[in-house]
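Here is what each chain is made of, one letter per residue.
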Amino acid sequence: MFAQVKYSKYHALGNDYLVISPENLAFELTPEKIQRICHRNFGIGSDGILFGPLPAKNAKFGLRIFNPDGSEAEKSGNGLRIFCRYLWDNQIVQEEEFEIDTLGGRVQGRVTESGRSVRVEMGRVSFQSEKIPVTGDSREVLQESITVADQIFSFCAATIGNPHCVIQLPEVTPEIAKQYGSLLEIHPYFPNRTNVQFMKVKDRQNIQIEIWERGAGYTLASGSSSSAAAAVAHKLNLCDSEITVHMPGGQIAIAISDDFTVTMTGSVTKVAEGLMSLEVFEY
Ligand SMILES: N[C@H](CCC[C@H](N)C(=O)O)C(=O)O
C-alpha cells in the first residue's frame, strides 16, 4: 500500500482540479475519500478530481471526473483542458489532436502555446428534455418558468454530456448565483440535479455568466457551463456562433457549429506536483 499518493494540481481560470493517475492509487476513490481530498481545510482542496488516463475502447484515453461532493460528472470542460495539459506535461501526447472518452461522450483535445492553451471539441449541445434530463413531455426546454424561494425565473436547459439550467438576467452577480443556484441545483425538474448559469448577454459576441455547479457550488469558471450558456444564447439568436464567455476567473472562447457542436478554447495553469499523505483519511 502506498503511504503517499502522487498528484498534480492545475487550475483553469480559477476552477482547480487534482489529477491522479490510476498507477499511483492503491485504493478505491469512494465519495467519502473524494470529499476529504477536495476539502479546502482537511484535505488538499480542489473543485474536483480527474482520475486518468484510463483504458478506453473507442478513444486513446479514458477519464473519470469527480465533484468535491463525491458525485461523478459526465463531463467537465475545464477538467478536460487540464487533463490534456497533464498528458502533454508527461510526454504522453505532443501537439497532435487526440481523443478522450468520458461518461458524457468522446471529445477531441489539442494542446497549443506550449501548454498554456488547450482546445477541446466538447461534443454537441442538446436542448432535448429527455437527454438533459428534465421532467415533463419530450420537448426542447427553452424559455420555460421555474420557481425557487418564491422567485419565478425563465430558464433554458441544455446538455453537453452534463446537465445545465441557463437563466438570462439583465445583470448577474455572485450573490444571485449563491442565493438561487443551490436551490435550482436540486429542483425536482432535474432528476440528476443540474449545473446553473446566470447569464447576461453583453452583445452578439460576448456573454457574462455567474456559475453554481452541481456537486461543487459556486465556482469562478466552468467550461461546460460556458458551452451550454453560449449555445443557449446562440439558439435564442441573441449571439452569433463565436462567443467569448466572461466569468470571474477569466474568459473562454466558444465556437458553435450549425449542428451545435461546441469547440472550447481556454487557458490552463499548472499549480503544483505533490504527495498526499494517507493520514488525511484518519482525521
Ligand atoms: N460540476 C459539474 C462538472 C464540472 C464542470 C465544470 N468544472 C467545467 O469546467 O465544465 C457537473 O457535475 O456536471
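Each residue is numbered by its place in its chain's sequence as written, counting from 1. Residue-level local features of this predicted model are given only where pLDDT is at least 70; pairs of side-chain atoms are given and counted only at 80 or more, and the full residue set underlies all totals for whole chains, interfaces and linings. With hydrogens and water set aside, each side-chain value is computed from the structure's full complement of heavy atoms.

Looking at an unreviewed UniProt entry, the protein carries the name Diaminopimelate epimerase, with the source organism given as Nostoc linckia z8. As stated in UniProt under Subcellular location (unreviewed entry), the record for the protein gives "Cytoplasm". UniProt positions are given in the numbering used here, feature names are shortened, and annotations may be inferred rather than shown by experiment. Comment text from UniProt for the protein, heading Sequence similarities (unreviewed entry), reads "Belongs to the diaminopimelate epimerase family."

Colleague: Looking at this structure, how should I read helix H4 (residues 223-235)?
Modeller: At 3.6 residues per turn, the α-helix brings residues three or four places apart onto the same side. The way it works is that DSSP assigns letters per residue, a run of H or I at least four long becomes a helix, a run of E at least two long becomes a strand, and they are numbered from the N terminus. The span one expects for a helix is its residue count, reduced by one, times 1.5 Å. Compared with the 18 Å implied by 1.5 Å per residue over 13 residues, the 18 Å span of H4 between its first and last C-alpha is a close match. Of all the 13 residues making up H4, eleven are buried; the element is thus mostly covered by neighbouring parts of the structure. Of the residues flanking the end of H4, it is Asn 237, one or two places downstream, whose phi is positive at about 60°. Three exposure classes are used, based on accessible area relative to the maximum for each residue type with a 1.4 Å probe and protein chains only: buried under 20%, partly exposed in between, and exposed over 50%.

Colleague: Sorry if this is basic, but what is going on with the nonpolar core here?
Modeller: What tends to happen in soluble globular proteins is that the nonpolar side chains get buried as a cluster. Within this scheme, the nonpolar core is defined by two criteria: the residues are buried Ala, Val, Leu, Ile, Met, Phe, Trp, Tyr or Cys, and they are joined through side-chain atoms within 4.5 Å. The biggest cluster of nonpolar side chains holds 52 residues, and the ones touching the most others in it are Phe 83 and Ile 207. Counting residues in each nonpolar core, the second largest holds 19 residues, with Val 141, Cys 165, Leu 169 and Phe 190 among its members.

Colleague: Would you mind going over the pattern of salt bridges with me for this structure?
Modeller: When their charged atoms lie close together, side chains carrying opposite charge are able to pair. Salt bridge criterion: a side-chain nitrogen from Lys or Arg within 4 Å of a carboxyl oxygen from Asp or Glu. Evaluation of the coordinates by the stated rule reveals 16 salt bridges. Across the salt bridge formed by Asp 69 and Arg 193, the nearest N and O atoms sit 3.0 Å from each other. With Asp 69 in the loop between strand S4 (61-66) and strand S5 (72-73) and Arg 193 in the loop between helix H3 (174-185) and strand S12 (195-203), this pair connects stretches of sequence that are 124 residues apart. Using a relative accessible area of 28% as the deciding quantity, one classes Asp 69 as partly exposed. Judged by its relative accessible area of 26%, Arg 193 is partly exposed.

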